[in-house]
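Survey of secondary and tertiary structure
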Amino acid sequence: MTAKLYTGAEMVVKALSALEVKYLFGYPGGSVLDIYDALFQQDDVEHVLVRHEQAATHMADGYARATGEVGYVLATSGPGATNCVTGIATAYMDSIPMVVLAGQVPTTLIGDDAFQETDIVGCSRPIVKHSFNCRRLEDIPNIIAQAAYIAKTGRPGPVVVELPKDILMPTHKAAFNIELDVQMRSYNPTVKGHPKQIKKAVKTIANAERLVVYSGGGIVLANAAELLTELVETLDAPVTNTLMGLGGISGTHKNFIGMLGMHGSLEANKTMANADVILALGARFDDRVTNNVKKFCPNATIIHVDIDPTSISKTINAHVPVVGLVDIVIEQLLAELKETNFQKNEAALKQWWQQIEGWRSVNSVSYVPPAEGGKIKPQQVVEAMYKITNGEAYVCSDVGQHQMFAAQYYPFAKPRQWINSGGLGTMGFGFPAAMGVKMAFPDSHVICITGDGSIQMNIQELSTCMQYGIPVKIISLNNRSLGMVRQWQDMVYGGRHSSSYMESLPDFVKLAEAYGHVGMQINTLDELDSKLEQAFAMKDRLVFVDVLVDEKEHVYPMQIRLGAIDDMWIKKGDKA
Amino acid sequence: MRRILAILLENEPGSLSRIVGLFSQRAFNIETLTVAPTDDPSLSRITIATVGDDKVLEQIVKQVNKLIDVIKITDLTERAHVERELVLVKVLAMNDKSRTEVKRIADIFRGAIIDIGKQIYTIELTGDADKIAAFIKTLSYETEIVEVVRSGCVGIARGEKALKV
Ligand SMILES: Cc1ncc(C[n+]2csc(CCOP(=O)(O)OP(=O)(O)O)c2C)c(N)n1
Ligand SMILES: [Mg+2]
């Protein structure tokens, strides 16, 4: 019996179904119509039609962040593919596993400036983990399997697969062969930490008197939150999270000293600055954390654990580098601590914690509530949101002041609960990301916390939500301005609000209604809780809550530019 | 410091562009770059001569290694190695005097005259970067250089050590 033969388009879909792909986020066009035809004739893979390809990438990204699985995108050649670029870059900066299938003009026309031809592999080269120019239909299944494997292993990241139209068309067929157990001679992601380095790390930890654990998005990506908590409790060390690492340890854990960095807590930044040993776990010493690298923690011995060797000693020199998957390395550290009969240095710990409590008592992450009848403070909205959702919601953020308020005032109990574009800072990310999360977890509260600026960067997806019934809750902290820009202009540019004021904002309530959803506006503090409760009670409806907040509020604390990590403004005109 | 990096990678479309792209994206320096398939046609070998301090070099090696289709990278300059570059030089050889001089210099440097035109000699020479620089400089004292093409350097470790899969 001869093997059944398939078209390239059928192979694409069959490969996705072999990989157990549930959702494919995309938008059709000439070069991928054969794939759409193949999708139409099966039920394994559900296609979700967005309204803009950028949103497809963010939806896949949100889905991936919440589930830990690979997110899949399909776009046509040319403009469809280039519309994905921002989403690919967003996923790349935050190490999110994603596969983007992009159509291409027929191989016979490549290079001719054919209609809707762009070299998407070239365009995306600096922002992908890897990419494939697929040129033969027989290669399609294994290229897709390899793309998925590369996307999710090691340090995860986006992978682009370019599929020319002529290898997808019904004119050519071939047998379908796929190797799901991918082996590549050129790619073996290191997994275990080197035993010698583990020993060195534990020795350094055991001799520390002022240890701090600084953990990042790697903990979330590696599902290492429980291990991190165990390690922190074993050492009784203070632990701080990066913006990407929030939820890596519960935000209410007694050892948690808050987020660090530009808008981190004073205690987190002070603890870093005064530590004698910094244990960095799945974090990359980003410039939004370190502030001026030349002034960064000069007295600390740095142990840096990361799956990606390029992250180690890139910006800050590591004294004890450990390359490995962070979950496995923490297990190794715990085993070695046990092996060497680690005993806490109680006296040193007591002193260290006393010092930290001193910084904590400044209560740097705080705000002044409005006077009677005054405008709602944005922080109050986040606090109300936290209360009503029991701290259990998925919170997907856009970019701006609202993002920082959410990070500061919603203590995340679990990893993957906090979803934001930390590395690229992509306005327009939050809403489609929330949609992807809601598709993965339809029974959970999923919030998109956004601003009047950001929400308009992908607002068209209100239509997608209607089509597929995706009842996310959009909470817009409407300050009638590009708040974060305005804050910098207030602080650095003499209060000249150049193009940071949003004139002619739409009526968001009516806009939501026009798309068939529920719109709500909150103007005063006394209706904040009740209206939010109402919104969350509408489980099956998308509710757009437009909250008018105080436009003058700034995000504090804030690092002083070019200073050390702990040089901070606590509030307006008040230095730490 | 000048370094010579040898890279073994999958011989696939796009592999080279990823290397070149990486260098420009991260503002790493490329002095010379050569690429060709190895005895195993599924593999390419790239030699890059670059300059940078230790920190930059560490990043270059790590970043190149991180590319999915790179199998191995090694810094040849860390150990004993042989470095060679091929140069073809076209010079004016208008009269007996200059012809004799050019021939003499070529002989001293163990170069070979590989083509002769009416008033032009073309010389081929291999050597390391210093030798080639010295050769071109010496020639320029005696005659006018019309055209120079250099292959970029290739290198290999001395002794047992080999860069292979
Ligand atoms: C796509 C994109 N363009 C520009 C920026 C620069 N930027 C950062 S925050 C911000 C303002 C965001 O305004 P809004 O969404 O209303 O949030 P707010 O700061 O007011 O809470 C801008 C323009 C960005 N991060 N992303
Ligand atoms: Mg705003």
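The numbering scheme is per chain: residues are counted from 1 as the chain's sequence reads. Each chain gets a letter, beginning with A, and each ligand a number, beginning with 1, in the order they are written. Per-residue local features are limited, in this predicted model, to residues with pLDDT of at least 70; the limit for side-chain atom pairs, both in listing and counting, is 80 or more; totals at the level of whole chains, interfaces and linings are taken over all residues. In computing side-chain values, all of the structure's heavy atoms are included and hydrogens and water are not.

Some words on the interface of chain A and chain B
Spelled out, the test is: Only heavy atoms matter for contacts: two residues are in contact if any of them lie within 4.5 Å across the pair. Note on definitions: buried area is the accessible-area loss of two parts on being combined, 1.4 Å probe, summed for both. Note on definitions: salt bridges are taken to be side-chain nitrogens of Lys or Arg within 4 Å of carboxyl oxygens of Asp or Glu. Definition of a polar contact: a pair of N or O atoms within 3.5 Å, with one able to donate and the other able to accept a hydrogen when the atoms are protein atoms, and with sequence-neighbouring residues admitted only if both atoms are side-chain atoms.
In this complex, chain A contributes 19 residues to the contact, which on the side of chain B involves 20 residues. Of the roughly 1,700 Å² buried where chain A meets chain B, counting both sides, 47% is carbon and sulfur surface. Broken down residue by residue, the surface that chain A buries against chain B is led by Arg-125, Arg-185 and Thr-310 of chain A, which jointly contribute 38%. The interface formed by chain A and chain B holds two salt bridges in total. Linking chain A to chain B there are 11 residue pairs in polar contact (both at pLDDT 80 or more).

Concerning the state of the cysteines
Let me state the cut-off plainly: In this description, a disulfide is simply a cysteine sulfur pair whose atoms lie within 2.5 Å.
Counted under the stated rule, the structure contains zero disulfides over all chains. Residue Cys-134 of chain A stays outside any disulfide, its sulfur separated by 17 Å from that of Cys-84 of chain A, the closest cysteine.

Here's the deal with the packing of aromatic side chains
Here a ring pair, both rings aromatic, is described through the centre-centre distance and the interplanar angle of the planes. All names here are of chain A. Our working definition: Each Phe, Tyr or Trp ring (for Trp, its six-membered ring) is paired with any other whose centre lies within 6.5 Å, and the angle between the two planes then decides the class: stacked below 30 degrees, edge-to-face above 60, tilted in between. Put simply, DSSP H or I for four residues or longer makes a helix, DSSP E for two residues or longer makes a strand, and each gets a number counted from the N terminus. For each residue, the accessible area found with a 1.4 Å probe, counting protein chains only, is set against the maximum for its type, and the residue is called buried under 20%, exposed over 50%, and partly exposed in between.
For the coordinates displayed, the defined rule picks out 16 aromatic pairs over all chains. Between Tyr-214 and Phe-285, the aromatic rings sit 5.0 Å apart at their centres with planes inclined by 75 degrees, giving edge-to-face as the arrangement. Within this pair, whereas Tyr-214 is found in strand β9 (residues 211-215), its partner Phe-285 is found in the loop between β12 (277-281) and α12 (287-290), the two being separated by 71 residues in sequence. Accessibility expressed as a relative area gives 0% for Tyr-214, which makes it buried. A relative accessible area of 1% means that Phe-285 is categorised as buried.

Structural notes on a nonpolar patch on the surface
To keep it simple, the criterion reads: Exposure above 30% relative accessible area and the absence of a salt bridge qualify a residue for a patch, where like charges join within 9 Å and nonpolar side chains (Val, Leu, Ile, Met, Phe, Trp, Tyr) within 5 Å. Note on areas: Shrake-Rupley, 1.4 Å probe, and residue coverage restricted to the protein chains presented here.
Taken together, Met-491, Val-492 and Tyr-493 of chain A make up a surface patch of nonpolar side chains, about 250 Å² in accessible area. Counting through the fold element by element, Tyr-493 of chain A comes out in the loop between α19 (483-492) and α20 (508-514).

Examining the site of ligand 1
Residue and element names in this part refer to chain A. Put simply, the test is: Only a single heavy atom is needed: when it lies within 4 Å of a molecule or strand, its residue is near that molecule or strand.
The local shell around ligand 1 holds 17 residues, among which Gln-401, Gly-425, Gly-453, Ser-454 and Gly-483 are the closest. A distance of 2.9 Å separates an oxygen atom of ligand 1 from a polar side-chain atom of His-402. For ligand 1, the accessible surface in isolation is 580 Å², of which the surrounding protein chains cover 76%. Residue assignment for the shell around ligand 1 shows that the elements contributing at least two residues are α16 (401-409) and α19. Take the shell around ligand 1: its biggest share by element is three residues, from α19.

Some details on the domain arrangement of chain B
All names here are of chain B. Just so we agree on the cut-off: An automatic or database domain assignment supplies the residue ranges for each domain.
Segmenting chain B into domains produces domain 1 (2-78) and domain 2 (82-154). Of note, the centres of domain 1 and domain 2, computed from C-alpha atoms alone, are 29 Å apart. In this assembly, seven residues from domain 1 lie in contact with six residues from domain 2. Surface buried jointly by domain 1 and domain 2 totals about 490 Å² across both partners, of which 61% is contributed by carbon and sulfur atoms. Taken together, the links from domain 1 to domain 2 amount to one salt bridge. We note a salt bridge from Arg-2 to Glu-83, for which the minimum N-O separation is 3.2 Å.

With respect to the pattern of salt bridges
Residues and elements named next belong to chain A. The full count for this structure, using the stated rule, is 28 salt bridges over all chains. Residue Lys-270 pairs with Asp-566 through a salt bridge whose shortest N-O separation is 3.2 Å. Within this pair, whereas Lys-270 is found in helix α11 (residues 266-274), its partner Asp-566 is found in the loop between β21 (558-559) and β22 (568-571), the two being separated by 296 residues in sequence. Take Lys-270 and Asp-566: they sit in the same class, and that class is buried. Across the salt bridge formed by Lys-377 and Glu-553, the nearest N and O atoms sit 2.7 Å from each other. Pair noted here: Lys-377 is in the loop between α14 (346-360) and α15 (378-388) and Glu-553 is in the loop between β20 (543-548) and β21, with a separation of 176 residues, a long-range link. Of the two residues, Lys-377 and Glu-553, neither departs from the other in class, the shared state being buried. It is possible to trace a salt-bridge network through shared partners that takes in Asp-61, Arg-65 and Asp-94.

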